[in-house]
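# Descriptive structure summary
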Amino acid sequence: MGRVLLAAPRGFCAGVERAITTVEEALRRFGPPVYVRKQIVHNTYVVDDLTRRGAVFVEELDEVPDGSLVVFSAHGVSPAVKEAAGLRGLRTIDATCPLVTKVHKEAVRMAEEGYEIVLIGHTGHEEVEGTHGEAPDRIHVVDPARPGEVTAKGRVTWLSQTTLAVDETMRAVTELRERFPDLVDPPSDDICYASQNRQEAITRIAPECELVIVVGSANSSNSRRLVEVALGAGADAAYLVDRAGDADERWLDGVRTVGVSSGASVPELLVEELLGWLAARGYADVEGVTLAEETLTFSLPLELRSARKSG
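In what follows, the accompanying structure is described. (Residues numbered from 1 in each chain as written. Predicted model: local features only at pLDDT ≥ 70, side-chain atom pairs only at ≥ 80, totals over all residues. Heavy atoms only, no water.)

## Things to note about the packing of aromatic side chains
Tallied over the entire structure, the rule returns one aromatic pair. Taking 3.9 Å as the distance between ring centres and 5 degrees as the angle between the ring planes, the aromatic pair formed by Tyr239 and Trp251 counts as stacked. Residue Tyr239 is found in strand β10 (residues 237–241), and its partner Trp251 is found in the loop between β10 and β11 (257–262); the two are separated by 12 residues along the sequence. The ring of Phe30 is capped by Arg91, whose NZ or CZ atom sits 5.9 Å from the centre of that ring. (Phe/Tyr/Trp six-rings, centres within 6.5 Å; stacked < 30°, edge-to-face > 60°. Helix = DSSP H or I, 4+ residues; strand = E, 2+ residues; numbered from the N terminus. Lys NZ or Arg CZ within 6 Å of the ring centre and 35° of its normal.)

## Quick word on unusual backbone geometry
Cis geometry is adopted by the peptide bond preceding Pro9, which originates at Ala8 and carries an omega value of 5 degrees. Pro33 follows Pro32 through a cis peptide bond whose omega is 0 degrees. The phi torsion at Lys38 lies on the positive side, around 65 degrees, for a residue other than glycine. Turning to its location among the elements, Lys38 is positioned in the loop between β2 (34–37) and α2 (44–52).

## Concerning the sheet that holds strand β1 (residues 3–8)
Taken in spatial order, the five strands of this open sheet run β10-β9-β11-β1-β12, and their pairing is parallel. Every other strand in the sheet has two partners, leaving β10 and β12 (285–290) as the edge strands with one partner each. Recorded for the sheet is a direction-independent mean angle of 25 degrees between the axes of neighbouring strands. As judged from the four bridges shared by β1 and β11, these two strands associate in the parallel manner. (Pairing = 2+ DSSP bridges. Axes fitted to C-alpha atoms, helices over the stretch in contact; angles between N-to-C directions.)

Don't take any of this as a statement about function, it's just geometry.
Right, dumping it as structure tokens:
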């Protein structure tokens, strides 16, 4: 009846693998409960699975008992959060993705050099809040769709949330440069390699698809971007689903080719679940389309490496 184009890379990136393994290793090493500030990654299945295994997810540190162990999520935290944890006597493990840490370090250096920093990102996202906290008097957060709203003076540079779509970021930078002709670029691209690879892979398959289904949770920025990129690249329709059960059979009406991908915080078993759902409805012919091979890995946080050595 129809075929499926299965995009690759998809699913877990190195930063997500590291963050999830951090919580798993903390549970194994220290036993439950292990508290986690915010969702370790933005995926409902992952959070529910770790909760069953003894992780306790909290919004803020005041929900964590004094002296307890708390893990900071992959999205990063501000210096103020780290300071508050120290004042509470909390034991901490920092699972911030190293690529997010890189942006934090860039923000600190640029602020120390006297720049006003325009941070392109979504207000309220944990990553943006953490980066902004590195130099709140110097960093101006601006939505990528509304870069003209920013106010800054003097020497101006820009940084971005790592999970944005490349095209939307560069459009925002172009508009910013019209307003600030001497806008200084950061030393390196902030958009994470995994976000770029997944966006490019879905761009490759979207023109051949009447329908694209992206597996990912609604609060996952990089997953939502994949839906937007698919539509922009020529797919007739694109939807985000947390699980296969969220898909709607009516989406398949008149569809010959379905594109499938998943966000960087999505376990592969959820993609397999969707492929099974599609196969049961006549879309059993699956063709993999691989844009790049990802081999990057990150070491576990220093706190766990030290614990391993001492143990």
